[in-house]
Every structure is written in C-alpha cells, then in structure tokens.
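Residue-level structural notes
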Amino acid sequence: MRRPVAIMTALVLFGEAVGIVLVNAVLATVTENQNMSLAGMDPRAMSAGTWALGGAGGLLLVLCGLTALLAGVRDRSPGRVGRVALTGCAVVHGVLGALTVGLVGWSAFAFMMAVLALLVLTLLSYGPGPREPGMISEAPAGPTTP
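Residues numbered from 1 in each chain as written. Predicted model: local features only at pLDDT ≥ 70, side-chain atom pairs only at ≥ 80, totals over all residues. Heavy atoms only, no water.

1. Structural notes on the overall build of the protein chain
Secondary structure assignment for the protein chain yields four helices and zero strands. Listed N to C, the secondary structure of the protein chain is α-α-α-α in terms of helices and strands. Burial status across the protein chain gives 28% buried among its 146 residues. The long-range share in the protein chain, meaning contacts at least 24 apart out of those at least 6 apart in sequence, stands at 66%. Of the roughly 9,600 Å² of accessible surface on the protein chain, 71% is carried by carbon and sulfur atoms. (Helix = DSSP H or I, 4+ residues; strand = E, 2+ residues; numbered from the N terminus. Buried < 20%, exposed > 50% of the residue type's maximum accessible area, 1.4 Å probe, protein only. Contact = heavy atoms within 4.5 Å. Areas by Shrake-Rupley, 256 points an atom, 1.4 Å probe, with all protein chains shown as cover.)

Now the structure itself:
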C-alpha cells in the first residue's frame with residue numbers, strides 16, 4: 001500500500017510544480033505588460049521576482065516529488081534530508097491550505113488538504129523501522145557485573 005501512495009504523492013507534486021510555474025508565469029507577464037508597480041518599485045524587478053519565486057517553488061516541489069518517487073520505487077524510507085524536505089512541504093501545504101479558504105475557496109482548500117494527506121501518509125508509511133542491533137548501543141543503564 002505504501003508504494004502506490006508514495007508514487008501518487010510524487011505525481012501530484014510534479015503536477016503542482018507545473019501549476020505553480022504556470023501561475024507565476026502568468027502573474028509575471030501581466031505585471032510586466034500592465035506596467036504595474038507597488039510603492040514605486042520597478043515593474044521589471046517585480047516581474048523578475050515573480051519568475052524567480054515561481055522557478056524556486058517549482059524546483060522545490062520537483063525535489064520533494066523526486067524524494068517521494070525514489071522512496072516509492074526503492075520501497076525504502078527517504079534519508080534524513082528527504083524526510084525533512086517532505087515534512088517542510090507538508091507544513092507549507094497545511095499553512096497554504098488554511099490561507100486558501102478565505103482567498104480562493106473551499107475547493108482549493110480541499111486540494112491542499114488532499115496533498116497534505118498524501119504527504120503525511122507517505123511520511124508515516126515510511127516511518128522509522130526497527131533499529132539494527134549494531135547501530136546504537138543498547139546496553140542497560142547502570143553498573144554491570146562481571
């Protein structure tokens with residue numbers, strides 16, 4: 001059950017990365033074409049910042065998707081950095097989900113919570129397994145008798 005969930009999480013994150021880049025591309029183009037500015041800021045700087053934000057957001061989502069995809073294909077838990085990345089991605093989806101209720105609507109909230117659920121399910125299904133005997137010393141506390 002955990003392999004299909006991890007692969008589905010990866011596919012959703014890849015699709016979301018494309019969506020983020022496209023939305024930011026539209027925003028950057030509109031900002032540049034309308035010659036909009038915010039408090040006297042250069043419209044080209046705002047457009048470049050929007051492109052950079054879209055590219056960085058898309059790249060981070062692709063990296064999180066690759067982490068989930070590798071976990072699903074290998075059927076192994078992601079490493080420490082991968083787990084931190086997926087956890088951060090889950091936190092961002094939770095916060096953005098809470099914000100989208102008022103700004104976009106309940107359907108966007110439902111989508112964000114579905115992605116959050118996939119991320120959490122992936123993290124929990126590939127949780128820490130039993131420890132190997134040689135990794136951490138499990139000696140009893142206190143003095144030992146010969």
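2. Focus on the pattern of salt bridges
What the rule picks out here adds up to two salt bridges. The shortest N-O distance in the salt bridge between Arg2 and Asp75 comes to 3.1 Å. Of this pair, Arg2 sits in helix H1 (residues 2-34) while Asp75 is found in the loop between helix H2 (43-74) and helix H3 (80-103), placing the two residues 73 residues apart along the sequence. Note on Arg2: relative accessible area 32%, which makes it partly exposed. The partly exposed category is assigned to Asp75, whose relative accessible area is 29%. Across the salt bridge formed by Arg44 and Asp42, the nearest N and O atoms sit 3.7 Å from each other. Owing to a relative accessible area of 60%, Arg44 belongs among the exposed residues under this scheme. Asp42 gets classed as partly exposed once you look at its relative accessible area, which sits at 35%. (Salt bridge = Lys/Arg side-chain N within 4 Å of Asp/Glu carboxyl O.)

3. A look at the environment of Ala45
Considering the arrangement of structural elements, one finds Ala45 in helix H2. Counting along the chain gives 14 residues from Ala45 to Thr31, while the straight-line C-alpha distance between them is 10.0 Å.

4. Digging into the side chain of Thr50
Within the secondary structure layout, Thr50 lies in helix H2. When residues no more than four places from it in sequence are discounted, the contact partners of Thr50 are Asn24, Leu27 and Ala28.

5. Considering the nonpolar core
Counting twelve residues, the largest nonpolar core is built from Val12, Leu13, Ala17, Leu61, Cys64, Leu86, Cys89, Ala90, Val115, Leu116, Leu119 and Leu123. Taken together, the elements giving at least two residues each to this core come down to H1, H2, H3 and helix H4 (106-125). For this core, the element with the most residues is H4, which contributes four residues. (Core = buried A, V, L, I, M, F, W, Y, C linked by side-chain atoms within 4.5 Å.)

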